[in-house]
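Below, each chain spelled out in residue letters.
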Amino acid sequence: MPEPDDFLLNRVAALEREVGKLRTALRRPNLYPGSLGLARALHDLGNVPHAILRKAADQSITNATVTKLLLDTVVLDNDRMFDSANNELVVRTAGVYLCAVNVKWATGFPIDSFHFVAIGRNTVNLTTDLGWIAQFGAGSGTVADAPRGATSTLFAMAIGDTLEVHVYQNSTAARLLIGANTVLDTTPLFTVVKVADQSV
């Protein structure tokens, strides 16, 4: 029977061989497009700028006022993009970014009202700036119907460009935006990932 040290060395060598096989397989784009493709995508994600931000606390949204979403929890941020002082992401690596956000309101809205969630690129004022994309929702007519809002877009970003999330509602009174109060509840969530090297 081999000595314990020899046994461990042999096991380490065997594991290194298996890791080498997996790395070789991940470089083959058409091999096992299902689970292996997913594994490759997850492996590659570590090499591109990406960020996931959550909002843990509830936030009151004043009636008829565009309000910046106050993001307070960093889940991932491998390119140091999050500027907590200004509640925005600052791009450190130029490229095309896929951006997505979702939010959840505490209650529904009167039938003659509407609400939206918007992702802004270099946006100072949503009423005058054009660099934003939003999802609009109409009033449901019942306060029991607590709606969600979500939007996504591609933005070509230069170094120093910013990304923010804004919300709006005009129900005649302040409305509560629900934070992610539990581990399983990931709303609100703001996700950004670089998907192409094209710069602006």
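As the structure is a computational prediction, the values presented were derived from the model and not from experiment.

Asker: For a nonpolar patch on the surface, give the residues involved together with the corresponding values.
Answerer: Together, Leu98, Leu154 and Val195 make up an exposed nonpolar region whose accessible area comes to about 270 Å². For Leu154, a relative accessible area of 53% puts it in the exposed group.

Asker: Break down the pairing of strand β13 (residues 189-196) for me, citing the residues and quoting the values.
Answerer: As paired elements, strand β1 (residues 50-54) and β13 share five bridges and run antiparallel to each other. Of the residues in β13, the one forming a bridge with Arg54 is Leu189. Note: strand β7 (residues 95-104) against β13, seven bridges, orientation antiparallel. By the bridge assignment for β13, Tyr97 is matched with Lys194.

Asker: A description of the pattern of salt bridges should follow, citing residues and the corresponding values.
Answerer: Going through the model one piece at a time under the given rule, you end up with three salt bridges. Residues Asp197 and Lys194 are paired through a salt bridge, measuring 3.0 Å at the closest nitrogen-oxygen approach.

Asker: So what about the packing of aromatic side chains? Which residues, and what values?
Answerer: One pass over the structure, following the stated rule, counts three aromatic pairs. Arranged with centres 5.2 Å apart and planes meeting at 85°, the rings of Trp105 and Phe109 form a pair that is edge-to-face. Accessibility classification places Trp105 together with Phe109 in one group, the buried group. Relative to Tyr168, the ring of Phe116 lies with its centre 5.4 Å away and its plane at 15°, an arrangement referred to as stacked. Of this pair, Phe116 sits in strand β8 (residues 114-121) while Tyr168 sits in strand β11 (residues 162-169); the two residues are 52 residues apart in sequence, bridging distant segments of the chain. Each member of the pair, Phe116 together with Tyr168, is buried. Here the aromatic residues Phe114, Phe116 and Tyr168 are joined through ring pairs into a cluster of three or more.

Conventions adopted
Residues numbered from 1 in each chain as written. Predicted model: local features only at pLDDT ≥ 70, side-chain atom pairs only at ≥ 80, totals over all residues. Heavy atoms only, no water. Patch = residues over 30% accessible without salt bridge, like charges linked within 9 Å, V, L, I, M, F, W, Y side chains within 5 Å. Areas by Shrake-Rupley, 256 points an atom, 1.4 Å probe, with all protein chains shown as cover. Salt bridge = Lys/Arg side-chain N within 4 Å of Asp/Glu carboxyl O. Buried < 20%, exposed > 50% of the residue type's maximum accessible area, 1.4 Å probe, protein only. Pairing = 2+ DSSP bridges. Helix = DSSP H or I, 4+ residues; strand = E, 2+ residues; numbered from the N terminus. Phe/Tyr/Trp six-rings, centres within 6.5 Å; stacked < 30°, edge-to-face > 60°.

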